[in-house]
Amino acid sequence: VFHGRILARRVVGRETRYEVAVQARYRQRFPLVAREYLWVPDTCGCPALLQGAEYVLMARRHVNHEHTLNRILLQSGGYARPWTAREERLVR
């Protein structure tokens, strides 16, 4: 779970890749750097994230069996909510 600002959006095949500036880390099970790519498959059903907007994001690290793919994935079980001070208090 982290607070991020969307910097850019690009559709790649059947997924959308967002470039995210990580503002704060709340519940971190894997390391995050200042800028990350967040991948969202078309099957997620998640709303499109707006460039320049800030969100509280719950995603997971996805590593394939060959360890050739290592990325942050927002699945239907995750969430992306607009960031507010109230949302931050709830997550902390």
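Sequence order as written defines the numbering, with residues in each chain counted from 1. A pLDDT threshold of at least 70 governs which residues receive local features in this predicted model, and a stricter bar of 80 or more applies before side-chain atom pairs are shown or counted, although totals over entire chains, interfaces and linings include all residues. Side-chain calculation: all heavy atoms of the structure are included, whereas hydrogens and water are not.

Stated formally: UniProt positions are given in the numbering used here, feature names are shortened, and annotations may be inferred rather than shown by experiment.
Naming follows an unreviewed UniProt entry, where the chain appears as ATL5 protein of Emberiza fucata. Taken directly from UniProt, the Subcellular location (unreviewed entry) text for the chain runs: "Secreted".

Brief notes about the overall build of the chain
Stated precisely, the cut-off is as follows: In DSSP terms, a helix is any run of H or I states spanning at least four residues, a strand is any run of E spanning at least two, and both are numbered starting from the N terminus. Only the C-alpha atoms count toward the radius of gyration. The rule for a globule is 2.2 Å times the residue count to the power 0.38. Using a 1.4 Å probe on the protein chains alone, a residue whose accessible area is under 20% of its type maximum counts as buried, one over 50% counts as exposed, and one in between counts as partly exposed. Every residue pair with non-hydrogen atoms within 4.5 Å of one another is taken to be in contact. Note that accessible areas follow from Shrake-Rupley with a 1.4 Å probe, and for residues the cover is restricted to the protein chains shown. Note that His is not counted, nor are the chain ends; the positive residues are Lys and Arg, and the negative ones are Asp and Glu. Throughout, a charge is located at the NZ atom of Lys, the CZ atom of Arg, the CG atom of Asp or the CD atom of Glu.
When its secondary structure is counted, the chain shows one helix and seven strands. When the helices and strands of the chain are placed in sequence order, the string is β-β-β-β-β-β-β-α. Its C-alpha atoms give the chain a radius of gyration of 13 Å, within 12% of the compact-globule value 12 Å for 92 residues. Dimensions of the chain, computed from the C-alpha atoms along their principal axes, are close to 40 × 25 × 25 Å. When burial is assessed residue by residue, the chain has 40% of its 92 residues classed as buried. In the chain, the share of contacts with a sequence separation of at least 24, taken over all contacts with a separation of at least 6, comes to 51%. Carbon and sulfur atoms make up 48% of the accessible area of the chain, which amounts to about 5900 Å² in all. Here the chain holds 16 positive side-chain charges and 8 negative ones, and the gap between their average locations is 3 Å.

Side note on the side chain of Glu36
How we decide: The term salt bridge refers to a side-chain nitrogen of Lys or Arg lying within 4 Å of a carboxyl oxygen of Asp or Glu. Any N or O atom pair separated by 3.5 Å or less is treated as a polar contact, with the protein-specific requirement of one donor-capable and one acceptor-capable atom, and with residues adjacent in sequence counted only for side-chain atom pairs.
By secondary structure assignment, the location of Glu36 is in strand β3 (residues 35-41). The side chain of Glu36 is buried and forms no salt bridge, while Arg61, the nearest opposite charge, is found at 4.2 Å. For Glu36, the side chain forms a polar contact with the main-chain nitrogen of Val33, separated by 2.9 Å. Every residue in contact with Glu36, bar those within four places of it in the chain, is listed here: Tyr18, Glu19, Val20, Val22, Pro31, Arg61 and Ile72.

A look at the sheet that holds strand β1 (residues 2-12)
The condition that has to hold: One bridge is not enough; two strands pair if DSSP finds at least two bridges between them. Helix axes are fitted to C-alpha atoms over the stretch in contact, other axes to C-alpha atoms as well, and angles between N-to-C directions run from 0 to 180 degrees.
Sheet architecture is open: seven strands sit in the order β5-β6-β3-β2-β1-β4-β7, paired in mixed fashion. Among the strands making up the open sheet, the edge pair consists of β5 (60-63) and β7 (79-82). Taken over all neighbouring pairs, the strand axes of this sheet differ in orientation by 45 degrees on average, direction set aside. Alignment of β3 against strand β6 (residues 70-73), held across two bridges, turns out to be parallel. Paired with Trp39 across the two strands is Leu73, which belongs to β6.

Overview of the pattern of salt bridges
Applying the stated criterion across every chain, the model contains two salt bridges. Of the charged contacts, one joins Arg35 and Glu19 as a salt bridge, the two residues approaching to 3.3 Å between their closest N and O atoms. In this pair, Arg35 sits in strand β3 while Glu19 sits in strand β2 (residues 15-25), placing the two residues 16 residues apart along the sequence. Here Glu19 falls in the partly exposed class, since its relative accessible area comes to 21%.

Description of the packing of aromatic side chains
This is how the line gets drawn: When the centres of two rings from Phe, Tyr and Trp lie within 6.5 Å, Trp using its six-membered ring, the rings pair. Their planes under 30 degrees apart give stacked, over 60 give edge-to-face, and anything left gives tilted. Criterion for a charge above a ring: Lys NZ or Arg CZ within 6 Å of the ring centre, and within 35 degrees of the ring normal.
The tally for this structure, following the rule as stated, stands at zero aromatic pairs. A cation over an aromatic ring shows up here: Arg17 above the ring of Tyr37, its NZ or CZ 4.2 Å from the ring centre. Positioned over the ring face of Trp39 is Arg71, at 5.0 Å from the centre of the ring.

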